[in-house]
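Examining the three-dimensional arrangement
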Amino acid sequence: MIGRLVTFAVERRWLVLLFTGIAALVGALALQRLPIDAVPDITNNQVQVNVMAPSLSPDQIERQVSFTIETSLAGIPGLEYTRSLNRNGFAQITAVFSDATDIYFARQQVAERLRSAEERLPQGIMPEMGPIATGLGDIFMWTVELRELDKVRHRDGEPGLQRDGSYITPEGEHLVSEDDKATYLHTVQEWIVAPQLRGTAGVAGIDSLGGFDRQYLVMPDLQRLAALRLTIQDLATALERSNSSIGAGIGDSNRPGD
């Protein structure tokens, strides 16, 4: 057998060289498109659920949150096992699926089970699914900063950094303290930068670090509330109703008999 191969290769050497050249060309083209990683990603097929519960200790969050969610996820097609990580005010539940399970099907099933599990969770706790990413994914970091003062062209009172160190936003808000500036930068990151980057192909998730969340504090006058026979709970209920979003409807006022 080997002798026949050697004889064939010697007698038809140009044909062998042609096949060798074609194979080398195909290999070179495949090498350019082949993704090569220094550390291959061998992470299994998984969906992570993150839960924030600042008022619960690790043992409480395990009994009241993690156990409830893991029980709700049981029985999903393709689910191999679940595990949880519990810390002060934080829980992470990982559902591991078989390699043959489509990741988008798995996330859809997990989302449906989470909606049913919310009724049995403590009030105010909302579980969220993590992005489709692993620990070996690429991470791009950036900062949002105030533009430096142009002492030649900029005039006091215009939006931007002022000569006294304060900052005027395009909306006309005057930021004086460093906390106000950090809050504004965090707001820009959450509502302007992040929504635009989420539409970029290949972006699995965006996490924001630093700054402060904008908050509106209500200081009740207890004496006036008592005079009006109102409680703190009544005030809290009124604030919740005033910030609720209700869909618009149609009102027909020209019906007979109106």
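Scroll up a little and you will see the structure.
Criteria and cut-off values
Residues numbered from 1 in each chain as written. Predicted model: local features only at pLDDT ≥ 70, side-chain atom pairs only at ≥ 80, totals over all residues. Heavy atoms only, no water. Helix = DSSP H or I, 4+ residues; strand = E, 2+ residues; numbered from the N terminus. Rg over C-alpha atoms; globule rule 2.2 N^0.38 Å. Buried < 20%, exposed > 50% of the residue type's maximum accessible area, 1.4 Å probe, protein only. Contact = heavy atoms within 4.5 Å. Lys, Arg positive; Asp, Glu negative; His and termini not counted. Charge placed at Lys NZ, Arg CZ, Asp CG, Glu CD. Phe/Tyr/Trp six-rings, centres within 6.5 Å; stacked < 30°, edge-to-face > 60°.

When helices and strands are counted, the protein chain shows seven helices and seven strands. Secondary structure elements of the protein chain, listed N to C terminal, follow the sequence α-α-β-α-β-β-α-β-β-β-β-α-α-α. Relative to the 2.2 N^0.38 estimate, which gives 18 Å for 258 residues, the radius of gyration of the protein chain is 30 Å and therefore markedly larger than a compact globule would have. Dimensions of the protein chain, computed from the C-alpha atoms along their principal axes, are close to 110 × 65 × 60 Å. Out of the 258 residues in the protein chain, the part that is buried amounts to 21%. The long-range share in the protein chain, meaning contacts at least 24 apart out of those at least 6 apart in sequence, stands at 54%. Within the protein chain, one finds 23 positive and 33 negative side-chain charges whose respective centroids are separated by 6 Å.

Right, let's talk about the packing of aromatic side chains for a bit. One pass over the full model with this rule turns up two aromatic pairs. Note on Tyr167 and Tyr184: the rings are 5.9 Å apart at their centroids and 40 degrees apart in plane angle, and the pair reads as tilted. Of the two residues, Tyr167 is situated in strand β6 (residues 167–168) and Tyr184 in helix α5 (residues 178–197); the sequence distance between them amounts to 17 residues. In this pair, the class of Tyr167 matches that of Tyr184, namely buried.

The quantities given are spatial measurements derived from coordinates; they are silent on function.
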